[in-house]
Amino acid sequence: FEGEVTSPKTLGNIKATFVGCHASSIPIQSEGAAIGEIKFYLLKGELGYIKGEKAAHKVGIDITPQTGLVLAKVEEGLPPAPVLHLEVTGSLIGEVAPINTWSKEATINFEQVWGHQVIKELEGMTEPDILFAAYCKSQEACKPQEPTEIGLSMKGVGKGEELYLKA
């Protein structure tokens, strides 16, 4: 992850690349990426308390596309084998650490159980944020008409300027 602090509670121009990705034993990749890599479109994030965790001061970041609705487009399988296209929309929330200390490194931890995100809301949200995927046989025909809720378990680490994340 890399991005910019755009206000005390927001981040912008977030670039995210996930490596070592696969669907069971099937290789996956996004357009313009190496096998096993998913490069997301530009993202933005909003910080807040994880709903129900305010007393514990757990801070989360809600990651959404900076523009449009699509976070990433992914292909499963490599030609000449059948290729399945996947369009990821919606948003995901991960827990941010460390808090209440100066650090040049921040970690965002996303968790899922049985294909559903564990953290779906920050305090003050009117409805849960959910990550969806539309599976398509053709990239041109990929329309998220009946998307499926999905979940991602991963840990992202960003390094850069020293920041203080106050909870």
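Worth saying up front: this structure is predicted, and the values here are computed from it rather than measured.

1. Examining the overall build of the chain
Counting secondary structure elements, the chain contains zero helices and 17 strands. Counting every position in the chain, which comprises 167 residues, the buried fraction comes to 37%. Looking at the chain alone, contacts between residues at least 24 apart form 60% of all its contacts between residues at least 6 apart.

2. As for the environment of Thr17
Within the fold, Thr17 resides in strand 3 (residues 17–18). Overall, the relative accessible area of 39% leaves Thr17 in the partly exposed class. For the pair Thr17 and Lys39, spaced 22 residues apart in sequence, the C-alpha to C-alpha distance is 4.4 Å. Each residue touching Thr17, except ones within four places of it in the same chain, is listed here: Glu37, Ile38 and Lys39.

3. What about the nonpolar core?
Counting residues in hydrophobic clusters, the biggest one holds 27 residues, and the most contacted among them are Ile38 and Phe40. For this core, the secondary structure elements donating two or more residues are strand 7 (43–49), strand 8 (59–65), strand 9 (70–76), strand 10 (84–90), strand 11 (92–97), strand 12 (102–110) and strand 15 (131–136).

4. Let's talk about unusual backbone geometry
Note the cis peptide between Ala97 and Pro98, where omega equals 0 degrees. By the element assignment, Pro98 lies in the loop between strand 11 and strand 12. For Asn13, which is not glycine, the phi dihedral falls at a positive 50 degrees. With respect to the helices and strands, Asn13 occurs in strand 2 (residues 10–15). Assessed through its relative accessible area of 29%, Asn13 is described here as partly exposed.

5. Description of the confidence of the model for the chain
Per-residue confidence for the chain averages 82 on the pLDDT scale, and 89% of its residues sit at or above 70. The spread of mean pLDDT over the elements of the chain runs between strand 4 (residues 22–23), the lowest at 72, and strand 7, the highest at 93.

6. Details of the sheet that holds strand 7
Spatial strand order, 1-2-7-8-11-12-17: seven strands in an open sheet with antiparallel pairing. Each edge of the open sheet carries a strand with a single partner, namely strand 1 (2–7) and strand 17 (154–164). Pairwise comparison of adjacent strand axes, ignoring direction, gives a mean angle of 30 degrees for this sheet. Bridge analysis of strand 11 against strand 12 gives three bridges, and the strand direction is antiparallel. Note on strand 12: the bridge partner recorded for Ala97 is Thr107.

What counts, and at which threshold
- Residues numbered from 1 in each chain as written.
- Predicted model: local features only at pLDDT ≥ 70, side-chain atom pairs only at ≥ 80, totals over all residues.
- Heavy atoms only, no water.
- Helix = DSSP H or I, 4+ residues; strand = E, 2+ residues; numbered from the N terminus.
- Buried < 20%, exposed > 50% of the residue type's maximum accessible area, 1.4 Å probe, protein only.
- Contact = heavy atoms within 4.5 Å.
- Core = buried A, V, L, I, M, F, W, Y, C linked by side-chain atoms within 4.5 Å.
- pLDDT = per-residue confidence, 0-100.
- Pairing = 2+ DSSP bridges.
- Axes fitted to C-alpha atoms, helices over the stretch in contact; angles between N-to-C directions.

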